[in-house]
Every structure is written in C-alpha cells, then in structure tokens.
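# Architecture at a glance
What follows is the residue order along each chain.
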Amino acid sequence: MLFSRISRIPRAGSNGCRWFLSQKPHLQFLNPPAYSYSSTHKVTGFREIFSWGLPALHGFRHNIHHQSSSIVEEQNDPFSLVADELSIVANRLRSMVVTEVPKLASAAEYFFKMGVEGKRFRPTVLLLMATAMNISLLEPSLRGPGDALTKELRARQQRIAEITEMIHVASLLHDDVLDDADTRRGIGSLNFVMGNKLAVLAGDFLLSRACVALASLKNTEVVSLLAKVVEHLVTGETMQMTTTREQRCSMEYYMQKTYYKTASLISNSCKAIALLGGQTAEVAMLAYEYGKNLGLAYQLMDDVLDFTGTSASLGKGSLSDIRHGIITAPILFAMEEFPQLHEVVDRGFEDPANVDLALDYLGKSRGIQRARELAKKHANIAAEAIDSLPESNDEDVRKSRRALLDLTERVITRTK
C-alpha cells in the first residue's frame, strides 16, 4: 500500500507496457492507517496519498472472469501443484508443535492433525508464489554448483509457509475464545473441547514456535514484516471489540480492520517470500498486492457466505457474525440503501427479532450482491499483480502463475 507513484516501464520485446509500483524507502506505519474507500485518500500517519483500488492499473485489468476456456482447462489444480511440498510442510508443522507437556502438545496440534488441517490455503499460495518468481528446485538430473543454494532457499521459503500457518492457527484459537465459538472446521473448537485457558496457552505456544522459526531465517526485514503481522492481528481484533457507533457503520473502518485481521498475514508473507528470493522492491510489492487483495476478497466472500451458506458447508453456524454483533460488508451496503437499518444495528442483536429485521432489510437490498462485486474487484486487482510480474519462459513459473490466477477465481466462487 505504501506507494509513492505508479510508473509505466516499457516491456522489453513488446509493444505493450507494464505497470510497476514504486515504493519510497523507510516508510513506516506511524499510526494505524485510516484506509479510505474513495478513489484517493490522504492516510493518517503516512506521507503518501494512495489509491486503495489502484485505479491506474485498471486499464490493464486482467479480467479473470473472461479468460478463454482453453486457458482455464490447461490450469492445473493449485493444491495439486504443491501437494508434495504441502505434505512436507504439514509433517514439519506437526513436529514443531511437540512439547514435553502432553496436554499442551495435544492442544497445540489440535488443528494440525491429519483430517482437520484444512486445505492449507495460505501455504499453497506461498509455495506457488515462490515458484511464480522463478524460485524453483532443480531436477536431480540437472544438479550443478548452485543446486545446494537453490534447495536452501526453497527450504527457507517453506519455513515462511510454516510460520504463516502457525500464526494463522494461533489467531484462530484466540479468536474462538474471544467469540466463545463452539465449532471450527466442522469439529468442536479447542476452547469448547479443552477450555479457554488451554486454548489461549496453545495459541501463545504456537506464536512462540513461530517466533523461533522466524529468528532462524536471520533476515531482519522478513522478521520485521511478520512481527508487524502479529501486531496487526491484535490491532484488528481490538478494533472489532471496541468500535464506536460511527466506526461500526463505517465501510472504511471495516476494510481497515479486515486488512489487519485477514489480509496483512498473507500479503506480508507473500512479500517475505519475494524478499528471501532476492527480488526487487517493485516485484516484492507486486507479491504484497496479490496477497493483500486475495485476502480481502477471501474475507468479503466469508461475509457473504455467513448469510448465504449453511452450518454444514461452513463448519460453523450461519449468521455467526451478526449474532455476535459484528457488522460486515453486506449489512454495511444494505445500510446505504436503507438508513433505517442504522436503528436496528444500534439496538444490537441480542434480540432475535432484530436479527430477523436486519435480514429483512438485507434481503430487499443489494448488500450481498455489492459485497460479491467488491470481492470480485479485489480478486481482479490480485490477478493484475500476477500479470505484472516480469515475464518468464520457464514452464514451471508460468504454471504457478496460472495457478495463482486460478486461486483468485476460486476465492470468489467458493461455497464454503
């Protein structure tokens, strides 16, 4: 997000041009950024004026929803492409959460066990991103002097995937305690099964193991990036718990909170993958933009599915957000069409009648449709970032980039 300008750099050997994003050095989060959902907005705490939606890129929009069928058909399943590495990462994660305290070990590995570990969406994105930037293992028959270095680099990037997953699961454990959740991924939540105290301690343990793994990379920039992510997770959760009436009904506030709670982890992890690979600042920012917008699209679709999905498909109770008093994008959009919905929101949702009334307004509005459209917009921007990466003739690189594009489509068409 910290752009000083967007410049056009001619693409070698092409009549077209490629957009690259320039970043001023040493820009820091002086205060939590106040994102605006208007086209441009001066950000509190920044020295920049930026565009949330990167409108300058829209002229080169890689519209993922109008790809030819032949392109779609030749795309491999993103998860299958990195299945072997995902297995390595999963096994290593299980070994990393072992501790001499049996109860803590059992709690820490609760969501890393076979069968409940999920599809490993974030590690998949990160492993694909590594290959998409021309960072791939050499075949055994092609081993040369640089092979050991290449393997070491890939192992370090796998470590980013492991760290990211530990931070993510730790945040889930803490969130479930705060939300008093009783299910997660279709099974009983850890706090429901083992109690709040052990769930909190298990989350803390995972964060500590993530910190040890992060320190082993011995890269101060990467350490700083992922340390900031942990700060963002805490900031986002605090924002959700302490909203004023005005903030609760603000789309800008909601998107800022969503970045902190959901998109910061995947965006900064994608950037860390690029930095470990020695990529330029411009390419690293493209990786960041992909992760950020993919994360925002993912959360926006979660918002939609909370209203349109079922408990069986989501692995949690439908309407869980609104029942906890959390106002998400569909309701915020509905409030723009029906201002009287503000009064319902102000009364809270402890009374089921208020939930029913809010759903009635939502059903008459374009709230769900507009939330889907916003998710699609961010998915398109994520796709643009991949399309803007330096060209490569390496088939593995091209295949991984197609898979990353495929993920942007999957995120907004998923049903769970």
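Parameters at a glance
Residues numbered from 1 in each chain as written. Predicted model: local features only at pLDDT ≥ 70, side-chain atom pairs only at ≥ 80, totals over all residues. Heavy atoms only, no water. Helix = DSSP H or I, 4+ residues; strand = E, 2+ residues; numbered from the N terminus. Buried < 20%, exposed > 50% of the residue type's maximum accessible area, 1.4 Å probe, protein only. Salt bridge = Lys/Arg side-chain N within 4 Å of Asp/Glu carboxyl O. Expected span 1.5 Å × (residues − 1). Phe/Tyr/Trp six-rings, centres within 6.5 Å; stacked < 30°, edge-to-face > 60°. Lys NZ or Arg CZ within 6 Å of the ring centre and 35° of its normal. Bend = angle between axes of the 7 residues up to and from the residue. Polar contact = N/O pair within 3.5 Å; in protein donor to acceptor, adjacent residues only side chain to side chain. 1 Å grid on protein atoms, 1.4 Å probe; cavity = no way out; pocket = protein on both sides within 12 Å on 5 of 7 lines; lining within 4 Å. Points joined across faces, edges and corners; volume = space filled by probe spheres on them. Nonpolar A, V, L, I, M, F, W, Y, C, P; charged D, E, K, R; others polar.

This part takes up the environment of Glu 409. One can find Glu 409 in helix α19 (residues 395-413). Judged by relative accessible area, which is 25%, Glu 409 ranks as partly exposed. Between the C-alpha atoms of Glu 409 and Asn 380, which are 29 residues apart in sequence, the distance is 8.8 Å.

Here we come to the pattern of salt bridges. Going through the model one piece at a time under the given rule, you end up with 15 salt bridges. A salt bridge links Glu 162 to Arg 92; its shortest N-O distance comes to 2.5 Å. Taken together, the positions of Glu 162 in helix α6 (residues 147-179) and Arg 92 in helix α3 (residues 83-96) put the pair 70 residues apart, joining distant regions of the chain. By relative accessible area, Glu 162 is classed as buried at 0%.

The next point concerns helix α12 (residues 281-308). Between its terminal C-alpha atoms α12 stretches 40 Å, which fits the 40 Å expected from 28 residues at 1.5 Å a residue. The buried fraction of α12 amounts to 23 of the 28 residues, a majority that puts the element mostly inside the structure.

The next thing to look at is the packing of aromatic side chains. Inspection of every chain in the model, using the stated rule, returns three aromatic pairs. Arranged with centres 5.6 Å apart and planes meeting at 45°, the rings of Phe 338 and Tyr 361 form a pair that is tilted. Here Phe 338, found in the loop between α15 (329-337) and α16 (341-347), pairs with Tyr 361, found in helix α17 (residues 352-364); they are 23 residues apart in sequence, far enough to count as distant. By relative accessible area, Phe 338 is classed as buried at 18%. For Tyr 361, a relative accessible area of 14% translates into the label buried. Over the ring of Phe 338 we find Lys 364, and its NZ or CZ is 5.5 Å from the ring centre. Sitting over the face of the ring of Tyr 298, Arg 414 holds its NZ or CZ atom 3.8 Å from the ring centroid.

As a further point, take helix α11 (residues 251-276). The first and last C-alpha atoms of α11 sit 35 Å apart over 26 residues, in line with the 38 Å expected at 1.5 Å per residue. Helix geometry: α11 is bent most strongly at Ala 263, by close to 60°. The buried fraction of α11 is high, at 24 of 26 residues. Of the residues that open α11, the one with a side-chain oxygen 3.3 Å from the backbone nitrogen of Glu 252 is Ser 250. At the exit of α11 stands Gly 278, carrying a positive phi of roughly 75°.

We now examine the environment of Asp 302. Relative to the assigned elements, Asp 302 resides in helix α12. Sequence separation between Asp 302 and Ile 412 is 110 residues; the distance between their C-alpha atoms is 9.4 Å. Polar contacts involving the side chain of Asp 302 include one to the side chain of Arg 414, which spans 2.8 Å.

Time to look at empty space enclosed by the protein. Taking a probe equal in size to a water molecule and rolling it over the atoms shows the remaining empty space. Taken as a whole and assessed by the stated rule, the structure comprises one cavity of 30 Å³ or more. Considered as a void within the structure, the largest cavity measures approximately 70 Å³ in volume. Where the lining of the largest cavity is concerned, the elements lending two or more residues are α5 (121-132), α11 and α12. Tallied by class, the residues present in the lining of the largest cavity amount to four nonpolar, two polar and one charged.

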